Amino acid sequence: MANDLSQTVVTLGAGLAALLVFMGLGLAYALKNSLLSIVDTLWGLGFVVVAAVSAVVSLGGDGGQAQRWIVLVMVAVWGLRLAWHIGGRNHGHGEDPRYADLLEQGEKAGRSFAQTAITRVFLPQGIAMFIVSAPLMVGPNNERLSVPLTVIGVAVWAVGLFFETVGDAQLKRYKSDPANKGKIMDTGLWSLTRHPNYFGDATVWWGLGLVAAGSLPGLVALIGPAIMSYSLVNVTGAKLNEKSQRKKPGWDDYARRTSYFIPLPPKK
């Protein structure tokens, strides 16, 4: 148990160091290109970096070999897909309106581009990334692999990946039709929940948390999915997205019949 804990501390330190370097490079790119929205693409990639570093650093500990590589593969599949999707979606479209608003607020408050980038974007997201990464840094150091939790965790992760991937694909296809401009997407997975991609994101992290929580110390890994879920439901995800969606015609009817977050059959 003591060795398990000490190795976890080492892994946490390595994960923090990796994130500092990774986000520092991302900040340098943002400053050079005057583009804050690059941080959205870095979000998924950052977790892959932490998972990879944690897997390598924990090799010297007593953690189960299978567990560290299962977690790494799960994160890599999720994070690389997310980065590819967001990077492709944002490429060539300039600054995201959310970050443009932050920059405008910063100018009014007398902050430079760099100050806004550091204090309002990269630092907060870096801190959030480190906290949410708990399953990736704790899991590889568990002294044993819980087969039932791992099976359940991988199944939960797969459900989340399905909702996130299919939901994104359905929305992309819908938006590619000029006839749908300004309309509400209410078919496919979007008829079961108003946010299938965010629900999928949260579910992916609960799957990772379950795989990582193979021992009593490993229960701390559930902090990551809990914080991610709260943020996606109440802060940066669904709640923020609906501020703009409410302006579209037909929103009230769609919101009345469609579950906010957890997929449910639409109401009549």
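The structure displayed is predicted, hence computed values, not measured ones.

Some words on the UniProt feature "transmembrane region" (unreviewed entry) in the protein chain
Turning to step 1, where the next piece is worked out: UniProt records the feature "transmembrane region" (unreviewed entry) for residues 12-30, 42-60, 66-84, 121-139, 145-163 and 204-227 in the present numbering.
Turning to step 2, where the next piece is worked out: In this annotation, residues 12-30 is assigned 100% helix and 0% strand; the end-to-end C-alpha distance for the span is 26 Å.
Turning to step 3, where the next piece is worked out: A distance of 27 Å separates the end C-alpha atoms of residues 66-84, which is 100% helix and 0% strand.

Section: the layout of surface pockets
Turning to step 1, where the next piece is worked out: In this structure, the second largest pocket spans a volume of roughly 240 Å³.
Turning to step 2, where the next piece is worked out: Taken together, 13 residues make up the lining of the second largest pocket; nearest its centre are L20, M23, F122, L123 and G126.
Turning to step 3, where the next piece is worked out: For the lining of the second largest pocket, the elements supplying multiple residues, two or more each, are α1 (2-33) and α5 (113-132).
Turning to step 4, where the next piece is worked out: It is α5 that provides the largest number of residues to the lining of the second largest pocket, a total of seven residues.
Turning to step 5, where the next piece is worked out: Across the lining of the second largest pocket, the residue classes break down as 11 nonpolar, two polar and no charged.

Notes on the pattern of salt bridges
Turning to step 1, where the next piece is worked out: Tallied over the full model, the rule gives 10 salt bridges.
Turning to step 2, where the next piece is worked out: R81 is the salt-bridge partner of D168, the closest N and O atoms lying 2.9 Å from each other. You can see D168 sitting in helix α7 (residues 147-175) and its partner R81 sitting in helix α3 (residues 65-90), a full 87 residues away along the chain.
Turning to step 3, where the next piece is worked out: Of the charged contacts in the structure, one is a salt bridge between R246 and E242, with a shortest N-O distance of 3.9 Å.
Turning to step 4, where the next piece is worked out: Several salt bridges share partner residues, and in doing so they unite D186, D253, R256 and R257 into one network.

Here we look at the confidence of the model for the protein chain
Turning to step 1, where the next piece is worked out: When pLDDT is averaged across the protein chain, the result is 87; 92% of the residues are at 70 or more.
Turning to step 2, where the next piece is worked out: Confidence scores differ between elements of the protein chain, with helix α6 (residues 134-138) showing the lowest mean pLDDT of 79 and α7 the highest of 94.

What about the packing of aromatic side chains?
Turning to step 1, where the next piece is worked out: Under the definition given, this model contains eight aromatic pairs.
Turning to step 2, where the next piece is worked out: Centre to centre, the rings of W43 and F47 are 5.0 Å apart; their planes meet at 90°, and the pair counts as edge-to-face. In this pair, W43 and F47 both sit in helix α2 (residues 38-57), four residues apart, roughly one turn of the helix.
Turning to step 3, where the next piece is worked out: Given a relative accessible area of 17%, W43 falls into the buried group.
Turning to step 4, where the next piece is worked out: For the ring pair F163 and F199, a centre distance of 5.1 Å and an interplane angle of 80° mean the geometry is edge-to-face. With F163 in helix α7 and F199 in helix α8 (residues 196-212), this residue pair connects regions lying 36 residues apart in the sequence.
Turning to step 5, where the next piece is worked out: An aromatic cluster of three or more residues is present, and its members are W43, F47, W78 and W205.

So, a nonpolar patch on the surface
Turning to step 1, where the next piece is worked out: A surface patch of nonpolar side chains, about 550 Å² in accessible area, is lined by I118, L123, I127, I131, V220, I223 and I227.
Turning to step 2, where the next piece is worked out: For the nonpolar patch, the elements supplying multiple residues, two or more each, are α5 and α9 (223-234).
Turning to step 3, where the next piece is worked out: If one sorts the elements of the nonpolar patch by residue count, α5 sits on top with four residues.
Turning to step 4, where the next piece is worked out: Its location among the elements puts I118 in helix α5.

Basis of the calculations
- Residues numbered from 1 in each chain as written.
- Predicted model: local features only at pLDDT ≥ 70, side-chain atom pairs only at ≥ 80, totals over all residues.
- Heavy atoms only, no water.
- UniProt positions renumbered as here; feature names shortened; annotations may be inferred.
- Helix = DSSP H or I, 4+ residues; strand = E, 2+ residues; numbered from the N terminus.
- 1 Å grid on protein atoms, 1.4 Å probe; cavity = no way out; pocket = protein on both sides within 12 Å on 5 of 7 lines; lining within 4 Å.
- Points joined across faces, edges and corners; volume = space filled by probe spheres on them.
- Nonpolar A, V, L, I, M, F, W, Y, C, P; charged D, E, K, R; others polar.
- Salt bridge = Lys/Arg side-chain N within 4 Å of Asp/Glu carboxyl O.
- pLDDT = per-residue confidence, 0-100.
- Phe/Tyr/Trp six-rings, centres within 6.5 Å; stacked < 30°, edge-to-face > 60°.
- Buried < 20%, exposed > 50% of the residue type's maximum accessible area, 1.4 Å probe, protein only.
- Patch = residues over 30% accessible without salt bridge, like charges linked within 9 Å, V, L, I, M, F, W, Y side chains within 5 Å.
- Areas by Shrake-Rupley, 256 points an atom, 1.4 Å probe, with all protein chains shown as cover.

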